[in-house]
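Residues per chain, in single letters:
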Amino acid sequence: MSPGPARGRTSGAEASGRRGPVRRWQLVRAGSDAVPASTRRFMRRARQRRMRAALPWAVAAGVLALAGLVAWLVLGTGLFGVREVRVEGADLVDPVQVRDAAAVPDGVPLARVDLAQTARRVGELAPVERATVRRDWPDALVVRVVERTAVAVVPQGQRFAVIDGTGTVFRDLERRPDGLPLVRVARPGADDPGTRAAVEVLGALTPELRAVLVDVTVESLAGIRLRLDDDRTVVWGDASRGTDKARVATALLAQRAEKIDVSAPDVVTFR
């Protein structure tokens, strides 16, 4: 035999031996009974624990997302914007004046309106003593005004300045309104000592004195006098001890005296 073919057969056998048998792998789903029951219970409890642990975070994330959406709708869009400004309690001022003073632009988000600042602007109107502002969802502001109460009028040439209990001038009229006494001071106003003294005297008067009062004249802080409807004069002095002076003056109304001096109510003189 020739050596050539023998070597070729040996090489083939050796090559076949090196490769060996071919293995084929296949995935097979195990049945439920392949995992022990204790292991399955452990795995189930682990999954439940993970779900319970994640639930608060999921709820919190949902709440935050919802809150963010609501905040954006309320604060960042015109969906809940101002469409109406309602005015309550206005008599001396026109509702249009109140809206102009409030100065709230149409469509501005209702939640972003500064209620205190809006009320302050409305309160700067002369006839308004104070104002409050509230939101009326979804699209309205309600401005409630409390107007000043007149206690007297001050002649100013051919016109009349109306003052309240603080001496503040809040109206200017061509004619004297009925039912209000006259106060004669040089410069009516809340910062005028004479005006404040006259208002203090008016507040101390009894109903009997008010019924016959014509005017209160403040010549000086210690020189206040009252003129009654029968041309009698009550010398009041300064504004102190108003209750005592009013009581004494009322008791002397029945006396037929042209002048009653109660400037020192403990020592009364009249003639």
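Everything here concerns the structure above.
None of these values were measured; they are calculated from a predicted model.

Chemist: Explain the overall build of the protein chain residue by residue, including any values.
Modeler: Within the protein chain, the secondary structure is distributed over seven helices and 12 strands. Within the protein chain, the fraction of its 271 residues that count as buried is 32%. For the protein chain, the proportion of contacts with a sequence separation of at least 24, taken over those separated by at least 6, is 44%. Accessible area for the protein chain stands at about 17700 Å²; split by element, carbon and sulfur atoms hold 54% of it.

Chemist: Now, about the nonpolar core: what can you tell me, with residues and values included?
Modeler: Counting residues in each nonpolar core, the largest one holds 30 residues, and the members touching the most others are Val183, Leu205, Val216, Ile224, Leu226, Val234 and Trp236. Those elements giving two or more residues to this core turn out to be β4 (152–156), β5 (159–163), α5 (193–204), β8 (213–218), β9 (224–228), β10 (233–237) and α7 (242–251). For this core, the element with the highest residue contribution is α5, accounting for five residues. For Leu205, the contacting residues outside a window of four places in its chain are Arg210, Leu213, Leu226, Trp236 and Ala246.

Chemist: Kindly report on the pairing of β8, identifying the contributing residues and their values.
Modeler: Most of β8 is tucked away: five of the six residues are buried. Bridge analysis of strand β7 (residues 182–184) against β8 gives three bridges, and the strand direction is parallel. The residue of β8 that forms the bridge with Arg184 is Thr217. Once β8 ends, the chain turns through five residues before running back antiparallel as β9.

Conventions and cut-offs
- Residues numbered from 1 in each chain as written.
- Predicted model: local features only at pLDDT ≥ 70, side-chain atom pairs only at ≥ 80, totals over all residues.
- Heavy atoms only, no water.
- Helix = DSSP H or I, 4+ residues; strand = E, 2+ residues; numbered from the N terminus.
- Buried < 20%, exposed > 50% of the residue type's maximum accessible area, 1.4 Å probe, protein only.
- Contact = heavy atoms within 4.5 Å.
- Areas by Shrake-Rupley, 256 points an atom, 1.4 Å probe, with all protein chains shown as cover.
- Core = buried A, V, L, I, M, F, W, Y, C linked by side-chain atoms within 4.5 Å.
- Pairing = 2+ DSSP bridges.

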